[in-house]
Amino acid sequence: MTDPYHRPDSKRLQALKDIANKLRIHSISSTSAAGSGHPTSCCSAAEIMSVLFFNTMRYSISKPRDPGSDRFIMSKGHAAPILYAAWAEAGLVGVDDLNNLRKIDNDLEGHPTPRLSFVDVATGSLGQGLSVAAGMAYTAKYFDKADYRTYCLVGDGESAEGSIWEACAFASYYKLDNLVAIFDVNRLGQSQPASLEHQVEVYQKRLEAFGMHAIIVDGHDVEALNKALYDASTVKDKPTAIVAKTFKGKGCPDVEDLENWHGKALGAKAEGALNAIKALISNPGPHGIVPPASTPLAEHDLSKVCLSEPPSYKTGDKVATRVAYGTALVKLGNSIPNVVALDGDTKNSTFAITYKNAFPDRFVECFIAEQNLVGVGIGCACRDRNVVFVSAFACFLARAYDQIRMGAISQTNVNFVGSHCGVSIGEDGPSQMALEDIAIFRAIPTCTVFYPSDPVSCERAIELAAKTKGITFTRTSRPTTDLLYGNDEVFEVGKAKVIRQSAEDKVVLVGAGITLHEAVAAADLLENEGIKVTVIDPFTIKPIDAATLTACAKAAGGRVLTVEDHYREGGLGEAVAGALASQPGIVVRRLAVDRVPRSGPSKVLIDMFGISANCIVKAVKEMLA
């Protein structure tokens, strides 16, 4: 039962007003010292931040990532200076340190990143914070079953992003009544006014249409904000959106509500603004406001995640790696209760459905909204609450590339699994064929890229992914394939497997997934003609095993042929060529999909686009001619 609302007394309200103006002063001073930044975007949010941090949220100064504390996401990441200012006023950051904003040797960066102990995820690429907040709120309500709440400050400009509305739809569908989105409607965008300017009623109607409980408030009225946030705590089965009408540059003479001040330090206007704002402060503090204590919540030990039993395939089995993914996931779920799977309405194709059937309370259906899918996954992984796997057709993860990129900056540990890769998927055609996915994930700085080629290696790849820090991507295939490995085979990140090798080998074949099986078939055909070749399974494309590749290449006369069900740019071939680039006397030839493909039978397409066993045989003979 929620306690009835009690209006803060006049002293408390004045303290919140004074803190808001101190936050403005810090934001203007720090951006002036840096010579850049977004002070006007900070000034519009000052009362919102004051009420949140000094009257509403429960958190720990000594342990900013305490699992039981309320969460805050600054989705409009360019307003970072006021976030830093709030934590400085709370006592976590030194006030003097605020003037080191944006300096190379300081972690108070231009936009928030988790280098700071009080930041859970990086923001600044707009439109992403609310999805992450929804993942945090989902974790609280359905996994942790805890009372911590999540607050997300959204800019009105970024509300033009579709991912904001994907997040609203998700939060409404799952009745996330522990989530509060505060829209800072300050009217002005970067280069011109936002499309709706101050039409707060339109925001309210749109948010209500998405299933939100929407409240319009004067965003500079601390009492109105306090009442709205209280009301949000009483709403059941609906997320709340507070539509706060504010003014960009609030309190700054000759700047407030004027265009062309986005992303600029106030320069010559700073002194006048600081003097005007200081004149509004009754008590400079300290105000002695201590945040309420959060409910204790145990930390999770995720290090024990593993396959609960080894692979158990029989000779003659033909199993698609996408099927093995579902099998492995269930085994991980048997080992610890904190394995969570998310999918975007492709679970019966990615085989995440296997996990849903085994653990329905640990599966999150995110529907066809991949940007939100990725953001929710990142939110679920925050503060080490869950081991998270996100699956979809690999090609559809491309539409969430920016969310994945920001996940790397956020130091997230999320495991992505992409099925339906390459022309080998067959008749569905090029719109469903992932042919760029390895290139995409190789470019992510924290990402490990697994490419298993049979069900045994796939189960082990999923186990290793669960234990690997940073982002991982596992590429799974649609066609069934033969077993290549025994159930007791040991796999390691960055260690290739030599499938076939002899002292008479003339060429090294490197394949992965479907093309590894084509390489094995080609090796058989070549051997019938008296030509012996080495066959290598790289297992991980990043990091790639340069030592094994180099040794095998030198032993085979320096001739290497890569074959991949992927476009030529950025895939397996380039990874191998890069690994061998510094080695003299080694030549790498690459077979890859070299044009937009078409619908057709899988075997026909593999041959049509030059990556079949017959094509490999032809290429080897050309290399030896």
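Worth saying up front: this structure is predicted, and the values here are computed from it rather than measured.

Topic: the UniProt feature "domain: Transketolase-like pyrimidine-binding" (unreviewed entry) in the chain
And then number 1: Per the UniProt record, "domain: Transketolase-like pyrimidine-binding" (unreviewed entry) is found at residues 319-480.
And then number 2: Secondary structure within residues 319-480 divides into 40% helix and 18% strand; the distance between the first and last C-alpha atoms comes to 5 Å.

Observations concerning the packing of aromatic side chains
And then number 1: With the rule as written, the count across this model stands at 23 aromatic pairs.
And then number 2: Ring centres of Tyr138 and Phe170 lie 6.0 Å apart, and the angle between their planes is 40°; this geometry places the pair in the tilted category. Of the two residues, Tyr138 is situated in helix α5 (residues 129-144) and Phe170 in helix α6 (residues 162-173); the sequence distance between them amounts to 32 residues.
And then number 3: The class of Tyr138 is buried, set by a relative accessible area of 6%.
And then number 4: With a centroid separation of 6.4 Å and 50° between ring planes, the pair formed by Tyr325 and Phe389 is classed as tilted. Here the residue Tyr325 occupies a position in helix α10 (residues 321-335), and Phe389 occupies one in strand β9 (residues 387-393), the gap between them amounting to 64 residues.
And then number 5: Phe389 gets classed as buried once you look at its relative accessible area, which sits at 0%.
And then number 6: Taken together, the ring pairs connect Tyr138, Tyr142, Phe143, Phe170, Tyr173, Tyr174 and Phe367 into an aromatic cluster.
And then number 7: Taking the ring centre of Phe359 as reference, the NZ or CZ of Arg362 above it sits at 3.9 Å.
And then number 8: One Lys or Arg, Lys497, reaches over the ring of Phe491 and ends 4.9 Å from the middle of that ring.

Looking at the pattern of salt bridges
And then number 1: Evaluation of the coordinates by the stated rule reveals 33 salt bridges.
And then number 2: When the shortest N-O distance is used, the salt bridge between Asp257 and Arg187 registers 2.9 Å. Of this pair, Asp257 sits in the loop between β5 (240-245) and α9 (270-278) while Arg187 sits in the loop between β3 (179-185) and α7 (200-209), and the two are 70 residues apart along the sequence.
And then number 3: Each of Arg58, Asp70 and Asp147 takes part in salt bridges that share partners, so that together they form one network.

Some remarks on the sheet that holds β5
And then number 1: Strands sit in the order β1-β2-β3-β5-β4 across an open sheet of five strands; the sheet is parallel. One side of each edge strand has no neighbouring strand; the edge strands of this open sheet are β1 (71-74) and β4 (213-218). On average, adjacent strands in this sheet sit at an angle of 20° to one another, irrespective of strand direction.
And then number 2: Strand direction decides the pairing type here: β1 and strand β2 (residues 150-155), joined by four bridges, are parallel. In the strand pairing of β2, Arg71 is matched with Thr150.
And then number 3: Contacts from α7 reach β3, β4 and β5 within the one sheet, and its direction differs from that of β4 by about 160°.
And then number 4: Here helix α8 (residues 222-234) sits on the sheet and contacts β2, β3, β4 and β5; the angle it forms with β4, its principal contact strand, is near 170°.

About the thresholds
- Residues numbered from 1 in each chain as written.
- Predicted model: local features only at pLDDT ≥ 70, side-chain atom pairs only at ≥ 80, totals over all residues.
- Heavy atoms only, no water.
- UniProt positions renumbered as here; feature names shortened; annotations may be inferred.
- Helix = DSSP H or I, 4+ residues; strand = E, 2+ residues; numbered from the N terminus.
- Phe/Tyr/Trp six-rings, centres within 6.5 Å; stacked < 30°, edge-to-face > 60°.
- Buried < 20%, exposed > 50% of the residue type's maximum accessible area, 1.4 Å probe, protein only.
- Lys NZ or Arg CZ within 6 Å of the ring centre and 35° of its normal.
- Salt bridge = Lys/Arg side-chain N within 4 Å of Asp/Glu carboxyl O.
- Pairing = 2+ DSSP bridges.
- Axes fitted to C-alpha atoms, helices over the stretch in contact; angles between N-to-C directions.
- Contact = heavy atoms within 4.5 Å.

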